[in-house]
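The chain contents come next:
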Protein chains: 2
Amino acid sequence: MKHQQGEPIGNNLLRALRTDDWKILRPSLEHWSAPTGTLLHEPGDTVRYAYFPRGSSLVSYLVVLNDGRAIETALVGREGAVGGIVSQGRLPAYTRAEVQLGGLFFRIDLNHLEDAKSASLTLRHLFARYADCLMAQVFQSVACGAAHSIEQRTARWLLAAVERTGVDAMTVTQEQLAVMLGVGRSYLSRVIRDLRQRGVIETRRGQISIRKADRLRSLACECNAAVSHHFNDVLKGVYPAEHPHDGFPDVQPGLRE
Amino acid sequence: MKHQQGEPIGNNLLRALRTDDWKILRPSLEHWSAPTGTLLHEPGDTVRYAYFPRGSSLVSYLVVLNDGRAIETALVGREGAVGGIVSQGRLPAYTRAEVQLGGLFFRIDLNHLEDAKSASLTLRHLFARYADCLMAQVFQSVACGAAHSIEQRTARWLLAAVERTGVDAMTVTQEQLAVMLGVGRSYLSRVIRDLRQRGVIETRRGQISIRKADRLRSLACECNAAVSHHFNDVLKGVYPAEHPHDGFPDVQPGLRE
DNA sequence: AAATGTGATCTAGATCACATTT
DNA sequence: AAATGTGATCTAGATCACATTT
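In this text, all values refer to a predicted model and were calculated from it rather than measured experimentally.

### Structural notes on the relation of the copies chain A and chain B
Piece 1. Rotating chain A by 180 degrees and translating it 0.0 Å along the rotation axis places it on chain B, where the RMSD comes to 0.0 Å. Considering both components of the superposition, the chain copies are consistent with a two-fold axis. Taking the C-alpha atom as reference, chain A places A:Val142 closest to the rotation axis, 2.3 Å from it.
Piece 2. Comparing interface residues between copies, 100% of those in chain A also sit at the interface in chain B, which points to an isologous, same-surface contact.

### Here we look at the protein's contact with DNA strand C
Piece 1. If you check the shell around DNA strand C, you find 20 residues, and the closest are A:Gln174, A:Arg190, A:Arg196, A:Arg205 and A:Gly206.
Piece 2. When the atoms of DNA strand C within 4 Å of the protein are sorted by group, sugar and phosphate make up 48%.
Piece 3. Between DNA strand C and B:Gly184, the relevant distance is 3.1 Å, taken from a phosphate oxygen to a main-chain nitrogen or oxygen of the residue.
Piece 4. With respect to DNA strand C, the side chain of B:Ser186 contributes an N or O atom lying 3.0 Å from a base nitrogen.

### Comments concerning the protein's contact with DNA strand D
Residues and elements named next belong to chain B.
Piece 1. Taken together, 20 residues lie around DNA strand D, and Gln 174, Arg 190, Arg 196, Arg 205 and Gly 206 are the ones closest in.
Piece 2. Between DNA strand D and the protein, one listed contact pairs a phosphate oxygen with a side-chain N or O atom of Ser 189 at 3.3 Å.
Piece 3. Taken together, the residues of the surface near DNA strand D break down into three nonpolar, eight polar and nine charged.

### With respect to the pairing of strand E9 (residues 201-204) of chain A
Piece 1. As paired elements, E9(A) and strand E10 (residues 207-210) of chain A share four bridges and run antiparallel to each other. Residue pairing across strands places A:Arg204 opposite A:Gln207, the latter belonging to E10(A).

Rules of the game
Residues numbered from 1 in each chain as written. Chains lettered and ligands numbered in written order. Predicted model: local features only at pLDDT ≥ 70, side-chain atom pairs only at ≥ 80, totals over all residues. Heavy atoms only, no water. Least-squares fit on C-alpha atoms with pLDDT ≥ 70 in both. Contact = heavy atoms within 4.5 Å. Near = heavy atom within 4 Å. Polar contact = N/O pair within 3.5 Å; in protein donor to acceptor, adjacent residues only side chain to side chain. Nonpolar A, V, L, I, M, F, W, Y, C, P; charged D, E, K, R; others polar. Pairing = 2+ DSSP bridges. Helix = DSSP H or I, 4+ residues; strand = E, 2+ residues; numbered from the N terminus.

Okay, here's the thing in structure tokens:
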């Protein structure tokens, strides 16, 4: 909130910057937008930009296996950033990064980001803290996959998406979700049916809407809560809360076909 | 190799430092050792030190779930470091870090490490590159848990431990390994029996020895290879190779009760 | 045509219970 | 006593095959 003169930032990580750090970064931030399905980078690509999702924009990190399956490992929304965040500078990407829900972004050339990090210790530390939170999220996903049922993980995914975007209708086919979770489509279809029959969600072709977030929360595993707790320890106020938006518009309908 | 005058370092990440960066860090590195089972930090602890496993020392990162189970998310040996590596400075730990195979370490106060990072861009970048590789390892573990069988994951774990330590006999009970992988002890016992019957491993009470590493490699999933490939892209020469040691003694028997 | 639903069947892995080995 | 082995049984989830819906 510190550096807000009429310009809604729409990204909590950038909003958490000190005023002077924001001034360093601001000239290098480009306005950018992308529709659902856009690939930010593929495994092996040299990463040139960091992307900051704004408003309801959402990105998935995916590990692509030899057989072509792409398993999701983390979701990033307006609490964070994608691309060259953990590493410094331009490196080959390990993952695929795919826009899960289209919308607006800030984008920055990694050379500029590196310069900014060299210029400011506090800026560097903020990004390091975010990297720690992203790491925590991926750590938790390992444990989640090993320990929790498909119903729990499905509920977790839906909640994570809703919390980050502030949007309660996710545009995703059951097939896509099944691949991301690494489970069978046919079985997932039954899990989703059960959730629907209990009135927790609503479904349409290619879309799942949350009707009872609190019911979903009680069905989900502990994993989301554990991650958001770490965010609060390390980056207070960055993980999306109940009333999270800084006046940034939620919906970018044109980017969600 | 650059900065080696008779002192075997025993850690590939430190060995990859430029001579001048090594000179910055060396005075802050303390000799330290720990037996198998030592906890370096618990979830929520303020992390004060980074630890560099030397020789055959090996550390596990574990996520502790609400029900008390501790699922392993990454192994760290002489290719890396544990504690405050991704983050900067002292932060609450998200994971448990436990010594999986006792031995020697270098240890550094994180305040000193931060000072060194501030003093040297190249040192900072080396650690950032390592953080990227550690992240890749955890990413891959998410996909591995979702996609691969228990036999594949067991083979992967054994290989990862052998590659990092250079020791082909891991001191671990089947119960411990089952918990770390998040699988049933009883079922794992059968998987291990099958591997033994095929002559791939040998077992003793509380110990598993690798007899045919190449057979094990063909039974394991792709995940180890994918991670070591990324190490080679990003930190050439740091992931343990066939003849990895810089004259550092392999065995610290006193620390492995 | 792509997405979803669903019956039928299969199987990897979990769980229980208890014996055996170290 | 702790670790391991193993028979018996159960079940979450996978897979197949095909119908139905959008």
